[in-house]
Amino acid sequence: MSDCLYHLLCLLIYPRGKTSNPYGTSKAMVEQMLTDLCKSDDDWSVALLRYFNPIGAHPSGLIGEDPKGIPNNLMPFISQVAVGKRKELSIFGSDYPTNDGTCERDYLHVMDLADGHLAALSCLDSTGVHIFNLGTGKGLSVLDMVNSFVDVTGVEIPYVFADRREGDLPAFWADASKVESELGWKANRTLDQMMEDTWRWQSNNPDGYM
């Protein structure tokens, strides 16, 4: 079976599922608008890149994630606890059907994500909608992430278990085989690099951008 036929069958068998929260719904709405644009005007070419939990920072330590208020994402919360900005990490749910009971996600280095954007430019020479997942293809739990950060940085992360958050799914990760076969992209940076670069940014910028 050719790669093109395989990916066509995957789209037929596994269409985009229902969204589980307003954030996902807004992304699905934008995808539908861009898809409809291409259907209405065949001069357009669009790449839909579906990200799976980008984390990390630029290796220089000069550019990183600086959320305003209380972070909604895991890694900036961990790093803010590590730098003393937050007292402890709240882990939402400990009884999911995963290896350790915490949610599993596909974490992708933000620099790999940037490379994915550059790779996607090459498909825009042909018109239509081009859909790619950008991820590692491997799920890691919240506790995996906490333990990895501690191992790499030597900084302990106090945490408590809290109730599940509405809209959180137990586990999901990317199948990035299509983008690798068609565009030659794959995630190359390791989990240790994600932790090292996150901590370099946060420790050098404990109060974020000033």
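Starting from 1, residues in each chain are numbered consecutively following that chain's sequence as written. Restriction of local features to residues with pLDDT of at least 70 applies here, the model being predicted, together with a cutoff of 80 or more for giving and counting side-chain atom pairs; totals for whole chains, interfaces and linings are based on all residues. Side-chain figures throughout are based on the complete set of non-hydrogen atoms in the structure, without hydrogens or water.

Peer 1: Just checking my understanding: could you explain the packing of helix α5 (residues 142–153) against helix α7 (residues 191–204) for this structure?
Peer 2: The geometry of a pair of packed helices is captured by two quantities: the angle between their axes and the separation between those axes. The axes are straight lines fitted to the C-alpha atoms, using for helices just the contacting stretch, and the angles between their N-to-C directions are given from 0 to 180°. Only DSSP runs of H or I reaching four residues or more are called helices, and only runs of E reaching two or more are called strands; each is numbered from the N terminus. It is at 9 Å that the axes of α5 and α7 come closest, and there the two elements cross at 70°. On the basis of the axis angle, α5 is roughly perpendicular to α7. The handedness of the crossing between α5 and α7 comes out as right-handed. Here α5 contributes M145, S148, F149, V152 and T153 to the contact with α7, which in turn contributes L191, D192, M195, E196 and W199. Each residue belonging to the contact of α5 with α7 can be placed in one class, and the counts come to six nonpolar, two polar and two charged. Roughly parallel refers to an angle under 35 degrees, roughly antiparallel to one over 145, roughly perpendicular to one between 65 and 115, and oblique to any angle outside these ranges. By definition, turning the near helix anticlockwise from the far helix through less than a right angle yields a left-handed crossing, and turning it clockwise yields a right-handed one. It only takes one pair of heavy atoms within 4.5 Å for two residues to be counted as in contact. Throughout this entry, Asp, Glu, Lys and Arg are counted as charged residues, while Ala, Val, Leu, Ile, Met, Phe, Trp, Tyr, Cys and Pro are counted as nonpolar. The remaining residues, Gly among them, count as polar.

Peer 1: What exactly am I supposed to notice about empty space enclosed by the protein here?
Peer 2: Gaps between atoms show up when a probe of the same size as a water molecule is rolled over them. Both site types are read off a 1 Å grid over the protein atoms alone. A 1.4 Å probe that fits but cannot get out defines a cavity, while an open set with protein on both sides within 12 Å along at least five of seven lines defines a pocket; lining residues have an atom within 4 Å of a point. Grid points are joined across faces, edges and corners, and a volume is the space filled by probe spheres set on the points. Per the counting criterion, the structure on display carries one cavity of 30 Å³ or more. Roughly 70 Å³ of internal volume is contained in the largest cavity. What lines the largest cavity is simply I55, G56, A57, E65, M75, P76, S79, T198, W201 and Q202. Tallied by class, the residues present in the lining of the largest cavity amount to five nonpolar, four polar and one charged.

Peer 1: Explain helix α3 (residues 74–82) here, please?
Peer 2: Residues lying three or four places apart along an α-helix face the same way, a consequence of the helix completing one turn every 3.6 residues. In terms of burial, α3 is largely enclosed, as nine of its nine residues are buried. Here's how the labels work: a residue is buried when its accessible area is under 20% of the maximum for its type, exposed when over 50%, partly exposed in between, all with a 1.4 Å probe on protein chains only. Residues of α3 that are buried include every one of L74, M75, P76, F77, I78, S79, Q80, V81 and A82, and no others. Taken together, the buried residues of α3 touch β2 (54–55), β3 (89–92), α5 and α7.

Peer 1: Hey, could you run me through the packing of aromatic side chains in this one?
Peer 2: The relative placement of two aromatic rings is captured by the distance of their centres and the angle of their planes. Whether two aromatic rings pair depends on their centres lying within 6.5 Å, for rings of Phe, Tyr and Trp, where Trp uses its six-membered ring; planes under 30 degrees apart make the pair stacked, over 60 edge-to-face, and the rest tilted. What the rule picks out here adds up to four aromatic pairs. Arranged with centres 6.2 Å apart and planes meeting at 65°, the rings of F52 and F172 form a pair that is edge-to-face. Of the two residues, F52 is situated in the loop between β1 (45–51) and β2 and F172 in the loop between β8 (159–162) and α6 (177–183); the sequence distance between them amounts to 120 residues. Residue class for F52 comes out buried when judged on its relative accessible area of 13%. When the centroid spacing of 5.8 Å and the interplanar angle of 85° are considered together, the rings of F149 and W199 count as edge-to-face. Here F149, found in helix α5, pairs with W199, found in helix α7; they are 50 residues apart in sequence, far enough to count as distant. The same class applies to F149 as to W199, namely buried. In this scheme, Lys NZ or Arg CZ marks a charge over a ring once it lies within 6 Å of the ring centre and within 35 degrees of the ring normal. The ring centre of F132 lies 5.0 Å from the NZ or CZ of K178, which sits over that ring.

Peer 1: Before we go on, may I ask you to explain the confidence of the model for the protein chain in this structure?
Peer 2: Detailed reading of the predicted coordinates is not advisable wherever pLDDT falls low. In predicted models, pLDDT denotes the confidence assigned by the predictor to each residue on a 0 to 100 scale. Of the residues in the protein chain, 92% have a pLDDT of 70 or more, and the chain-wide mean is 90. In the model, residues 1–14 has pLDDT below 50 throughout and makes nine contacts with residues more than four positions away in sequence or in other chains.

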